Each structure stands twice: as structure tokens, then as C-alpha cells.
Amino acid sequence: MQTSISPQLLSNPDIAEAESILRACVHCGFCTATCPTYQLLGSELDSPRGRIYLIKEMLETEQASDKTRLHLDRCLTCRSCETTCPSGVRYGRLIDIGREMVEEKAPRSLPARLVRKAMLAVIPYTARMSVVLTLARVFRPLLPAQLQKKIPAKQSTSASPASARPAATHARRMLVLEGCVQPLGTPNTNAAAARLLDRLGISLVSAPDAGCCGALNQHLSDSEGARTMMRRNIDAWWPHIESGAEAIVMTASGCGLMVKDYGHALKDDAAYADRAARISALTRDISEILNNENLDAFAHIGQGRRVAYHSSCTLQHGQKLGGTVEAILLRSGYELTPVADSHLCCGAAGSYTLLQAGLSQQLLNNKLASLCEGKPKVIVSANVGCQMHLASASDVPVKHWIELLEQS
Ligand code: SF4
Ligand code: SF4
């Protein structure tokens, strides 16, 4: 794709990166076929190719409108288009750059800005989120029906209470990210991961000073806020890395994708660049860890139980680990039910459930219909956001796949 961006704008490294991404696009449109918003809305401007043109136009004219912002907002950042693209267009990075620019060129209304600020002030902080959740549960009957469904019950099929974690007694040690929403929404996930890895001779430890990975800030165009969280996590993890932790384990694929990008996000920060690159290199999804261990003891534990696996976008499109969890579940004796359109997003997508509630709900309904088609006994996922979103409307229990494996 030809571009005509002013030299002055191109002196900004992010814009220069955007230009190189734009130039890789040959406008073939293959990506439209696998874009969830294009499938729902049927409009070119709600397809990857349409959004790429909108970003190109914004960079060339240095202007944007409410229309530009609307179509960029509707993108889930699911990166299904990246998986499909034959030219290797790094759309996920392009939309991040485009979104930062659109905030500046087409500012939101004051109420919209306040909503985003409130989300950033609460969601990434577990203690604050806990207070808000407690209040939301008390006032649930007074809230709109759609919002009521989004508030996780204290005890639900998706949120088993956290069981005890084993003492860290093994010579092999790995760090785990506790995250921000996961301790409240699905508290048993990391406990199950710790028990499972303990049986494999690995102790899972966490660094109390680490917190949110920064993904929410990144998605809401607050890249400086995201970098602050990255630096805090690097400082919290570094002593453990120096004392021999083998890996940083991610049980939420959305966080894993973000932490694997720390090296790129902090490449221009002289004080953190090297450590950020090392942290990213050490980061593994829990499925990557298990895939490299001897799982003979797990063979047959599934006993043919029918399971529908929801492949999160951040694992299959972002981290390119599609098929890894499925292979572990099959080796462990589960029967995976067929799931149509497994490349499509469930509509969770970070803050999408709150900011694009209508589209999010349509995607959720379609996803649950596909997942339930094969009459599974349980639905499993690899990401806290998907798990909570699916559980908000599912009659079938929804778990993290690591809980299923551990409980079997
Ligand atoms: S598939 Fe890739 S090259 Fe083709 S239009 Fe989409 S982003 Fe551009
Ligand atoms: S990231 Fe997902 S929603 Fe956004 S353009 Fe690509 S396929 Fe469509």
C-alpha cells in the first residue's frame, strides 16, 4: 500500500512503525472473511481493511472524525485478521497506534472520557475492584438487567473458591502473575495451577508487589499508564529471576500476550529495556509449560468426558498457540466436542463488554450456541475475561481448563 505521511510525523517512531505496517498491506481483503465485526455489521469500515484505510487517512491528513473513532472503537483487537493475513500485516500494533492518535484528533465527550478514567482508576487494582464488586452485588437488583449479568456471583460455576496452595518446597521454581481481576473473578485458577505444577515437581510462587499486566490501559490508549505497570511488575519479578525462577507463568492468555510484549513496549527505556526483554523471553502460557513436561500421569484422567474448548483470541491469534491446550486435553483423555467458528471472538475483549455492550452480547450468544452444539458437560477457556463473559450467560459450567485438569 502506498502512503503519503509528512516527514515531520514520521519522525515519531510509532508513526514510522505504523507506516511500515501499512505498506505491508496489499488490500486483498482476505482478512474480512474472519473478522467478527465485519460478519455482524457487514460494513467495510467495520472490517480490518476498512480500519486500515481509516488509519492511513488519519496519518496522511492528520485529521480524524467521530466516524473514525467509532469504527476503531468497534474493533475487538482479537487479531483474527492477523492470523488470516497472507502478508503478515501486524494489525494489532497498528490499531494501538491508530487509537492513540484518534484520542488526540477526535477527542471524546467529557462523559465518555470520565467513564474511561473511572475504569482505569478501578479495574486494574484488585482492592478497589473488590470494593466496587461488593457494592455492585449489594445493589444488583437496582442495576439494568444487562449489567446484572456481568457481576460475578460470589459462588458460581465459573468462580470456584480458591483451594489451598501447596508450600513452595521444590528446587524448580516458577513465578506466576496473579493479575487484577482474576483473584476476584476466578480465584481458583492460580491455586489449581500451583497444585498441578506441584505434582510435576515445580513450585509456583508469586511476587506480592506485581499487579495488573497493563493490558486494560494499553487497550484504552493509555500507553504511559501501561508502561508504569510494566515497570512495577519488572521491579517486583526481577529478584525472583535473579534467584533462579525458570519462567513467568501466565494463566490468563490476555495478560500473557501483554507481558510477552514488554520487551517491545519498553525498548526505548534505557533503564528497563534489557530487563523487559528478558521478562518477555521468560514468559510462558501455562499450556506451554505443561507441553514441555512429562504428562504420562495425566493420560486417561479425562475418562472421555465431553468438553467444549473456547480458544481465546489472545492465545490463538495473539500468542499463536492455537492447538496447544486442545492437544493437552486430548492426551489427558477428554473428548473435545466440535465448535464451529472457533477462530471468532466471544465478545469479552477486555473492556469491550462494558464499552460495546450490544456487539459483545451478540458475539457471546453466537459463541455459546457454537460451544453448546456438541452437548458438552463443561466449557473451558484459557482466559479470565472469556471465562467470566461466557459464564454470565451459560447454562453449562464454565471453568479454566487448568482447573478441569487439576480437579480430574
Ligand atoms: S489480508 Fe492482510 S494484506 Fe489483505 S487486506 Fe487484510 S490486512 Fe491487508
Ligand atoms: S482485530 Fe478482530 S475485530 Fe479488529 S479488525 Fe481484526 S478481526 Fe476485526
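Considering the sheet that holds strand β3 (residues 248-250)
Taken together, the four strands give an open sheet; going across it, the order is β2-β1-β3-β4, and neighbouring strands pair in parallel fashion. Lying at the two open borders of the sheet, with one neighbouring strand each, are β2 (202-205) and β4 (283-285). Direction aside, neighbouring strands of the sheet carry axes that sit 40 degrees apart on average. Bridge analysis of strand β1 (residues 172-176) against β2 gives four bridges, and the strand direction is parallel. Residue pairing across strands places M174 opposite L204, the latter belonging to β2. Helix-sheet contacts for helix α15 (residues 253-260) involve β3 and β4, and the interaxial angle to β4 is about 155 degrees. The strands that helix α17 (residues 273-282) touches are β3 and β4; relative to β4, the one it contacts most, it runs at about 25 degrees.

Here we look at the site of ligand 2
Taken together, 13 residues surround ligand 2, and among them C35, R51, C75, C78 and C81 come closest. Structurally, ligand 2 is housed in the second largest cavity. Among the elements of the structure, α3 (36-41), α4 (48-61) and α6 (80-84) are those that each provide at least two residues to the shell around ligand 2. Of the residues contributing to the shell around ligand 2, the split by class is eight nonpolar, three polar and two charged.

Details of the environment of A112
Structurally, the position occupied by A112 is in helix α8 (residues 110-122). On the basis of relative accessible area, A112 is assigned to the partly exposed category, the value being 28%. For the pair formed by A112 and T61, sequence separation is 51 residues and the distance between their alpha carbons is 25 Å.

Remarks on the layout of surface pockets
Approximately 290 Å³ is the volume attributed to the second largest pocket. D73, R116, L220, S351 and L355 are, among the 20 residues lining the second largest pocket, the residues nearest its centre. Of all the secondary structure elements, the ones that give two or more residues to the lining of the second largest pocket are α7 (91-105), α8 and α21 (352-355). Across the lining of the second largest pocket, the residue classes tally to nine nonpolar, six polar and five charged.

A closer look at helix α22 (residues 357-372)
The terminal C-alpha atoms of α22, which comprises 16 residues, lie 22 Å apart, in line with the 22 Å expected from a rise of 1.5 Å per residue. Where α22 is concerned, the buried positions are L359, S360, Q361, L363, L364, K367, L368, S370 and L371.

A short note on the nonpolar core
Ranked by internal contacts, the top residues of the largest apolar core, which has 32 residues, are L290, L329, W401 and L405. Breaking this core down by element, the ones donating at least two residues are β1, α12 (188-199), β2, α18 (286-291), β5 (306-309), α20 (324-331), β7 (378-381) and α24 (401-407). In terms of residues, this core owes the most to one element, α12, which gives five residues. Not counting chain neighbours up to four residues away, the residues in contact with L329 comprise Y309, Y334, L336, V380, W401, L404 and L405. Residues A207, C213, A226 and A276 belong to the second largest nonpolar core, which totals 29 residues.

Procedures and definitions
Residues numbered from 1 in each chain as written. Chains lettered and ligands numbered in written order. Predicted model: local features only at pLDDT ≥ 70, side-chain atom pairs only at ≥ 80, totals over all residues. Heavy atoms only, no water. Pairing = 2+ DSSP bridges. Helix = DSSP H or I, 4+ residues; strand = E, 2+ residues; numbered from the N terminus. Axes fitted to C-alpha atoms, helices over the stretch in contact; angles between N-to-C directions. Contact = heavy atoms within 4.5 Å. Near = heavy atom within 4 Å. 1 Å grid on protein atoms, 1.4 Å probe; cavity = no way out; pocket = protein on both sides within 12 Å on 5 of 7 lines; lining within 4 Å. Sits in = over half its atoms within 2 Å of the grid points. Nonpolar A, V, L, I, M, F, W, Y, C, P; charged D, E, K, R; others polar. Buried < 20%, exposed > 50% of the residue type's maximum accessible area, 1.4 Å probe, protein only. Points joined across faces, edges and corners; volume = space filled by probe spheres on them. Expected span 1.5 Å × (residues − 1). Core = buried A, V, L, I, M, F, W, Y, C linked by side-chain atoms within 4.5 Å.

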